[in-house]
Amino acid sequence: MRITYDYNTGNMSIDEEPGLDVEASLAAFEKQVKEEIQQEFPDAEVTITRHNAEGWERGVQVEDGAIDDKWFIEDVIADVYQEFEWLVYEK
């Protein structure tokens, strides 16, 4: 199975957070998303692509998987985002 996730940084709504290290936070978000997806789909090839834009996103694409897999992966990504454990603040 091949899973790709394309997202736009402008849709993250984090660049105005005081003291936030945006680059480190986005890298941590991508790492956590990839780890969570690979935990559920250990044999999957996972690719995450960041775009410095806002608006419509390609989102999740799943090759050789069921539509239910796509919806499940979207839920995993939403959970990671909403937990905000990936935010990194400057010291």
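These lines cover the structure that appears in this document, whether it is placed above or below. Residue numbering note: each chain is counted from 1, following its sequence as written. Totals for whole chains, interfaces and linings use all residues, but because this is a predicted model, local features are given only for residues with pLDDT of at least 70 and pairs of side-chain atoms are given and counted only at 80 or more. Note: side-chain values were computed over all heavy atoms of the structure, leaving out hydrogens and water.

**Considering the packing of aromatic side chains**
And then number 1: The rule is short: rings of Phe, Tyr and Trp, with Trp giving its six-membered ring, pair when the centres are within 6.5 Å, and they are stacked under 30 degrees, edge-to-face over 60, tilted in between. Evaluated as defined, the whole model comprises eight aromatic pairs.
And then number 2: With centroids separated by 6.2 Å and ring planes inclined at 35°, the aromatic side chains of phenylalanine 84 and tryptophan 86 adopt a geometry described as tilted.
And then number 3: Only protein chains enter the accessibility calculation, which uses a 1.4 Å probe. A residue is then buried if its area is under 20% of the maximum for its type, exposed if over 50%, and partly exposed in between. Given the relative accessible area of 38%, phenylalanine 84 is considered partly exposed.
And then number 4: Taken together through their ring pairs, the aromatic side chains of Tyr5, Tyr7, Phe29, Tyr81, Phe84 and Trp86 make up a single cluster.

**Looking at the pattern of salt bridges**
And then number 1: A pair is scored as a salt bridge if a Lys or Arg side-chain nitrogen falls within 4 Å of a carboxyl oxygen belonging to Asp or Glu. Within the structure shown, the criterion is met by seven salt bridges.
And then number 2: With its nearest N and O atoms 3.9 Å apart, the salt bridge here joins arginine 2 to glutamate 63. Of this pair, arginine 2 sits in strand β1 (residues 2-8) while glutamate 63 sits in strand β3 (residues 59-63), and the two are 61 residues apart along the sequence.
And then number 3: Across the pair glutamate 23 and arginine 50 runs a salt bridge whose closest N-O atoms are separated by 2.9 Å. Taken together, the positions of glutamate 23 in helix α1 (residues 22-40) and arginine 50 in strand β2 (residues 45-51) put the pair 27 residues apart, joining distant regions of the chain.
And then number 4: Classification of arginine 50 as partly exposed rests on a relative accessible area of 25%. Only DSSP runs of H or I covering at least 4 residues are called helices, and only runs of E covering at least 2 are called strands; the numbering of each starts at the N terminus.

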